[in-house]
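# Coordinate inspection notes
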Amino acid sequence: MSKIPKHVSIIMDGNGRWAKQRGFERLEGHKAGVESVKAAAEFAAENKIDFLSLFAFSEENWTRPQDEVSGLMELMIDAIIGERKTLLDNNIKFLVIGDETRLSETLISKILELKKITSSNTGLTLIVFLSYSGKWDILQAVTKYLEKARSSELNNNEPLSAELFETFLSTRGIPDPDLLIRSSGEQRLSNYMLWQCAYTEFYFTDVLWPDFRKNDFKRALDIYSERERRYGKTGDQINKIK
Ligand code: IPE
Ligand code: IPE
Ligand code: MG
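Residues numbered from 1 in each chain as written. Chains lettered and ligands numbered in written order. Predicted model: local features only at pLDDT ≥ 70, side-chain atom pairs only at ≥ 80, totals over all residues. Heavy atoms only, no water.

## Let's talk about the nonpolar core
Nonpolar side chains in soluble globular proteins generally cluster together in the buried interior. Threshold: As used in this record, nonpolar core signifies buried Ala, Val, Leu, Ile, Met, Phe, Trp, Tyr and Cys residues forming a set joined through side-chain atoms within 4.5 Å. Whether a residue is buried, partly exposed or exposed follows from its accessible area with a 1.4 Å probe, protein chains only, as a fraction of its type maximum: under 20%, in between, or over 50%, in that order. Labels follow the DSSP assignment, with helices taken as runs of H or I lasting at least four residues and strands as runs of E lasting at least two, numbered in each case from the N terminus.
Counting 40 residues, the largest nonpolar core has Val 8, Ile 10, Leu 52, Phe 94, Leu 107, Ile 181 and Phe 217 as its most contacted members. Here this core takes 6 residues from helix H3 (residues 66–82), the largest share from any one element. By size, the runner-up hydrophobic cluster in this structure holds 13 residues, among which are Ile 127, Leu 180, Tyr 192 and Cys 197.

## Re H3
Put simply, the rule reads: One less than the number of residues in a helix, times 1.5 Å, gives the span that helix is expected to have. Note on contacts: a residue pair is in contact if any heavy atoms of the two residues lie within 4.5 Å.
Taking 1.5 Å per residue, 17 residues should reach 24 Å; H3 reaches 24 Å between its end C-alpha atoms and fits that length. Within H3, the full set of buried residues consists of Glu 68, Val 69, Gly 71, Leu 72, Met 73, Leu 75, Met 76, Ile 77 and Ile 80. Tucked into the core, H3 has its buried residues touching helix H2 (26–46), strand E2 (51–58), helix H4 (84–89), strand E3 (93–97), helix H5 (105–118) and strand E4 (125–132).

## Looking at the sheet that holds E2
Formally: In short, DSSP must find at least two bridges between two strands for them to pair. Only the stretch in contact is used when a helix axis is fitted, and all axes are lines through C-alpha atoms; the angle between N-to-C directions ranges over 0 to 180 degrees.
Reading across the sheet, the 6 strands line up as E3-E4-E2-E1-E5-E6 and stay open at both edges, with parallel pairing between neighbours. Since the sheet does not close on itself, it has two edges, and those belong to E3 and strand E6 (201–204), each with one partner. Between one strand axis and the next, the sheet turns through 20 degrees on average, direction left out of account. Note that strand E5 (residues 179–182) and E6 share 4 bridges and pair parallel. Note on E6: the bridge partner recorded for Leu 179 is Glu 201.

## A word on the site of ligand 1
In plain terms, the rule: Each residue is tested against the molecule or strand, and it is near if at least one of its non-hydrogen atoms lies within 4 Å. Throughout this description, a polar contact denotes any pair of N or O atoms lying within 3.5 Å of each other; where both atoms belong to protein, one of them has to be capable of donating a hydrogen while the other can accept it, and for residues adjacent in sequence the pair is counted only when both atoms sit in side chains. Methods summary: accessible areas were calculated by the Shrake-Rupley approach with a probe of 1.4 Å, and residue burial reflects only the protein chains presented.
Around ligand 1 sit Met 12, Asp 13, Gly 14, Asn 15, Gly 16, Arg 17, Arg 26, His 30, Ala 56, Asn 61, Arg 64 and Leu 72, and those are all the residues in its vicinity. Here an oxygen atom of ligand 1 and a side-chain polar atom of Asp 13 are 2.9 Å apart. Separating an oxygen atom of ligand 1 from a backbone N or O atom of Gly 16 is a distance of 2.9 Å. Taken by itself ligand 1 offers 380 Å² of open surface, and the protein chains cover 87% of this. Listing elements by their share of the shell around ligand 1, those giving two or more residues are helix H1 (15–21) and H2.

## Details of the environment of Leu 180
Tracing the sequence through the fold places Leu 180 in strand E5. Leu 180 gets classed as buried once you look at its relative accessible area, which sits at 4%. Put simply, Leu 180 and Met 193 are 13 residues apart on the chain and 10 Å apart in space, counted from C-alpha to C-alpha. Look past the residues within four positions of Leu 180 in its chain and what remains in contact with it is Ser 9, Ile 10, Ile 11, Leu 189, Tyr 192, Cys 197, Thr 200, Glu 201, Phe 202 and Tyr 203.

## So, the site of ligand 2
Put simply, the rule is: Amino acid classes used here: Ala, Val, Leu, Ile, Met, Phe, Trp, Tyr, Cys and Pro are nonpolar; Asp, Glu, Lys and Arg are charged; the rest, including Gly, are polar.
Taken together, the residues surrounding ligand 2 are Ile 11, Met 12, Asp 13, Phe 55, Ala 56, Phe 57, Asn 61, Arg 64, Arg 182, Arg 188 and Ser 190. Within the side chain of Asn 61, one N or O atom sits 2.9 Å away from an oxygen atom of ligand 2. When ligand 2 sits alone it has 390 Å² of accessible area, and the protein chains cover 77% of it. The leading source of residues in the shell around ligand 2 is E2, at 3 residues. Looking at the shell around ligand 2 residue by residue, the class counts come to 5 nonpolar, 2 polar and 4 charged.

## A word on the pattern of salt bridges
Two side chains of opposite charge can pair, provided their charged atoms sit close to one another. Filter applied, for reference: Within this document, salt bridges are pairs made up of a side-chain nitrogen of Lys or Arg and a carboxyl oxygen of Asp or Glu, the two lying within 4 Å of each other.
Inspection of the entire model under this criterion finds 19 salt bridges. As a salt-bridge pair, Glu 42 and Lys 214 come within 3.2 Å of each other at their nearest N and O atoms. Taken together, the positions of Glu 42 in helix H2 and Lys 214 in helix H8 (residues 214–226) put the pair 172 residues apart, joining distant regions of the chain. Relative accessible area serves as the criterion here: at 28%, Lys 214 is assigned to the partly exposed category. For Arg 229, the salt bridge identified is with Asp 178, shortest N-O distance 3.0 Å. Here Asp 178 lies in the loop between helix H7 (162–166) and E5 and Arg 229 lies in the loop between H8 and helix H9 (235–241), a separation of 51 residues in the sequence. Salt bridges sharing common partners tie together Asp 13, Arg 17, Arg 182, Glu 186 and Arg 188.

Listed below in structure tokens is the structure:
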């Protein structure tokens, strides 16, 4: 593998279908998906990827049946407690991004605890997107920007640039994803990092998330390393830079 992306993001999809295929409840698919999270985090750490972000629960997912939502939230708490050792053993720093106001106090306290005990880790940064949507992110950034502009902390004559705007996004400080993987055969963004994926490479696989393992991750990286990222330039210009 020649080109290792700095930031890989995964839309972990297909848990429900995986469970259905086996005649299980949907929640069993979500539970099985935790093992895939562990494999992906280990793979990313082993391959010196700096940032791995995982879309775990979208703003729209709040509209699912109540028992699935509460089951998923309990599972998040269990996973945070259960995966503590994996994170510490692999020198992984843990972060969560999303609308925290909708999360339970217990979940928030577990998140804070894990963030704290992994804060001095220097290897992979693992970011879980929870209660997140791309439109929510852009709107909260605009709101924060306007608050600052009104309180004249900003120079109002300066036009708003992409660089300045990005400091208000929930992902500030994190490089944009180089590669976005989506499992389960769906080929859409589902309101994920809309701004941040402007130049991201996409990789879609039919593998359902609970079946996703290190070899599937490796395949995605192999395909990624064959891509030519042009950022609007011509292929000749890119080859000159190389
Ligand atoms: C992804 O799996 C997990 C979440 C969205 C929380 P799904 O639950 O969406 O699984 P499918 O798409 O129904 O198979
Ligand atoms: C996207 O999956 C969100 C997560 C994987 C967390 P969904 O299953 O909710 O997306 P849609 O509804 O099929 O677009
Ligand atoms: Mg789905």
